[in-house]
Amino acid sequence: MLPEASESVIDDLEPVLDRFILREVDNGNGDLFPGVKETLSALSEQGYQLYVASNGNAEYVPGALEREGLTSLFEGIYSVQQYQSGNKVELVRTILEKAGKDAIMIGDRSSDIEAGTENHLPTIGCRFGNGSDEELEAADTKVDSFEELLHVLTEK
């Protein structure tokens, strides 16, 4: 929206945009990808410990999960901003130090795949998110829907 804006202006606007998005969710606008609740619930029931590693604002991600009734499915919700880590690679390293090294990185952006790869984790690229096919090129496995994650993970 603001291609000429400086990084500091964008940083200042991000929390405003996040609050707007959360308000819209509160007003019944916006939807999760199909199968999110069912898939996350099934993975949790099967003993998977779920964590969020986000580049998003420290208020937005927990707020969105709370509004959708998903918070209880996660062992931890981490953001680069909250932990003041330089990037997602460092954030995932922080999570692994607390949660253990037996993990799989799942995401829709190149930063997700890079964070998994740099931390020696298998990676799953989600083609249905915000990233492009080029961003997910290095992923070990790719899925086209959220529900497909359940099948891929239970096959491993």
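This text goes with the structure placed above it.
What you see is a predicted model; the values in this text were computed from it and never measured. (Residues numbered from 1 in each chain as written. Predicted model: local features only at pLDDT ≥ 70, side-chain atom pairs only at ≥ 80, totals over all residues. Heavy atoms only, no water.)

Visitor: Any chance you could break down the sheet that holds strand β3 (residues 105–107) for me, citing the residues and the numbers?
Guide: Read from one edge to the other, the open sheet built from 3 strands follows the order β3-β4-β5, with strand pairing classed as parallel. The open sheet terminates on both sides in strands that have one partner only, identified here as β3 and β5 (141–143). Taken pair by pair, the neighbouring strands of this sheet meet at an average axis angle of 20 degrees, ignoring direction. Across 3 bridges, the pairing between strand β4 (residues 123–126) and β5 is parallel. Following the sheet pairing, Gly125 is matched in β5 by Lys142. Against the sheet, helix α7 (residues 146–155) makes contact with β3, β4 and β5, and its axis sits at roughly 150 degrees relative to β5, the strand it touches most. (Pairing = 2+ DSSP bridges. Helix = DSSP H or I, 4+ residues; strand = E, 2+ residues; numbered from the N terminus. Axes fitted to C-alpha atoms, helices over the stretch in contact; angles between N-to-C directions. Contact = heavy atoms within 4.5 Å.)

Visitor: Outline unusual backbone geometry, listing residues and values.
Guide: In most cases, non-glycine residues show a negative phi, while peptide bonds are predominantly trans. Positive phi, close to 60 degrees, is recorded for His120, a residue that is not glycine. Inspection of the secondary structure assignment puts His120 in the loop between α6 (110–118) and β4.

Visitor: Give me the lowdown on the side chain of Lys88, citing residues and values where you can.
Guide: Assignment of secondary structure puts Lys88 in helix α5 (residues 88–99). Of note is the side chain of Lys88, whose polar atom sits 3.3 Å from the backbone oxygen of Ala53. Each residue touching Lys88, except ones within four places of it in the same chain, is listed here: Ala53, Ser54, Asn55, Val80, Met105, Ser111, Asp112 and Ala115. (Polar contact = N/O pair within 3.5 Å; in protein donor to acceptor, adjacent residues only side chain to side chain.)

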